[in-house]
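Tertiary structure, described
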Amino acid sequence: MIWLNSNKKIGPGERTYIIAEIGINHNGSLDIAKKLIDEAAEAGCSAVKFQKRTPELCVPRDQWDIERDTPWGRMTYMEYRHKVEFSFVEFVEINRHCRERGIDWFASCWDELSVDFIEQFDPPLYKAASASLTDHALLEKMKSTGKPLLISTGMSTLNEIIETVEAIGTDNLLIAHSTSSYPCPLEELNLRMLGSLKELFPNTPIGYSGHETGLATTVAAVAMGACFVERHFTLDRAMWGSDQAASVEPTGMSRLVKDIRAIEIALGDGVKHVYASEMSSRKKLRRVQREELVEL
């Protein structure tokens, strides 16, 4: 069981922690980010997640000056990376807005300076993106804050996952099964890995970070025991950006939350009951069967 400083819990038997991954789908617009927060809160999500990078540390030097077309015109890749990074003042507003809407927020930090930056806002947890799974120094930096750490396992071998968990320990750790293709074809989702990870790490909450189109498979992950789920979130899949096509729109997110909550209720406790709603049928039909047997 993982306790968050937002008074929420993540683990078996608890309500599924549902994360709307805003990432950089805001395209550098604070207004879009706030609309996404509003929509996630309205849908009933537990949290929204952003990404934080120090571009000079995360972008290889040979890519800095490569030009590309963007919504702001043609610019270098480094200029673009700065365009989609929020400043301290903008994150202050994001923090205020999330508190006002009663929804958690946190970030995937791609470098150690970004951890220091996000820590100023006292997030309930941190996430390491799949690309960072083998960056043990970065993972240790996030764990050093004392906050829970969620690691995602896309594009990783089983040995890499095991080595990372051995390196950083299972204390305050959450592990997300994931496949890093956008959008991910159904035959590569491999949801049975949820069970495999639960067997490998029986005392660690296991969840699912999905990049597929559609909602049914994410609901299935919850039925298979995922303690938390994450889906990319957008106002419109037609918006500009690499993650938009594999994202869920507000109507879909509302449906996803509703279906997950229904599954939680339907799963029950695994103990056989005769419910009050069955009693009239039991009394009527069981008596009929007995009477028929007597006549025979």
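Look up: the structure comes first, before these words.
One structure accompanies this document, and this report is about it. (Residues numbered from 1 in each chain as written. Predicted model: local features only at pLDDT ≥ 70, side-chain atom pairs only at ≥ 80, totals over all residues. Heavy atoms only, no water.)

What follows concerns unusual backbone geometry. The omega torsion across Tyr182 and Pro183 is -10°, close enough to zero to call that bond cis. Here Pro183 lies in the loop between β10 (173–178) and α8 (193–200). In this model, Asn27 sits at a positive phi of 55°, which is unusual for a non-glycine residue. The backbone of Met155 shows a phi angle near 50°, a positive value even though the residue is not glycine. Within the secondary structure, Met155 sits in the loop between β9 (149–152) and α7 (158–168). The class for Met155 is exposed, based on a relative accessible area of 61%. (Helix = DSSP H or I, 4+ residues; strand = E, 2+ residues; numbered from the N terminus. Buried < 20%, exposed > 50% of the residue type's maximum accessible area, 1.4 Å probe, protein only.)

What follows covers helix α10 (residues 250–267). For α10, built from 18 residues, the straight-helix expectation of 26 Å at 1.5 Å per residue is met to within 8% by its first-to-last C-alpha distance of 26 Å. Those residues of α10 lying buried are Pro250, Gly252, Met253, Leu256, Val257, Ile260 and Arg261. In the core, the buried residues of α10 are packed alongside β3 (17–23), α1 (30–43), α9 (216–223) and β12 (228–232). Looking one or two residues beyond α10, the residue adopting positive phi is Gly268, at roughly 65°. (Expected span 1.5 Å × (residues − 1). Contact = heavy atoms within 4.5 Å.)

We now examine the pattern of salt bridges. For the structure on display, the rule yields 19 salt bridges. Note that Glu230 and Lys49 form a salt bridge whose closest N and O atoms lie 3.9 Å from each other. One end of the pair, Glu230, is in strand β12; the other, Lys49, is in strand β4 (residues 47–52), and 181 residues separate them in sequence. Overall, Glu230 belongs to the buried group, its relative accessible area being 4%. For Lys49, a relative accessible area of 0% puts it in the buried group. Its salt-bridge partner being Lys147, residue Glu119 comes within 3.2 Å of it at the nearest N-O pair. Taken as a pair, Glu119 in helix α5 (residues 112–119) and Lys147 in the loop between α6 (136–143) and β9 lie far apart in primary sequence, 28 residues in all. (Salt bridge = Lys/Arg side-chain N within 4 Å of Asp/Glu carboxyl O.)

This paragraph deals with the environment of Glu79. With respect to the helices, strands and loops of the structure, Glu79 is situated in helix α3 (residues 77–83). On the basis of relative accessible area, Glu79 is assigned to the partly exposed category, the value being 44%. Taking the C-alpha atoms as reference points, Glu79 and Gly154, 75 residues apart in sequence, are found 28 Å from one another.

In this structure, Val48, Phe50 and Ile151 are the most contacted members of the largest nonpolar core, which totals 57 residues. For this core, the element with the highest residue contribution is α1, accounting for five residues. Here Ile151 is in contact with Ala128, Leu133, Leu139, Thr164, Val165, Ile168, Leu173, Leu174, Ile175 and Ala176, once residues within four sequence places are set aside. In terms of nonpolar packing, the next biggest core, distinct from the first, is built from 13 residues, Leu4, Ile19, Cys227 and Phe228 among them. (Core = buried A, V, L, I, M, F, W, Y, C linked by side-chain atoms within 4.5 Å.)

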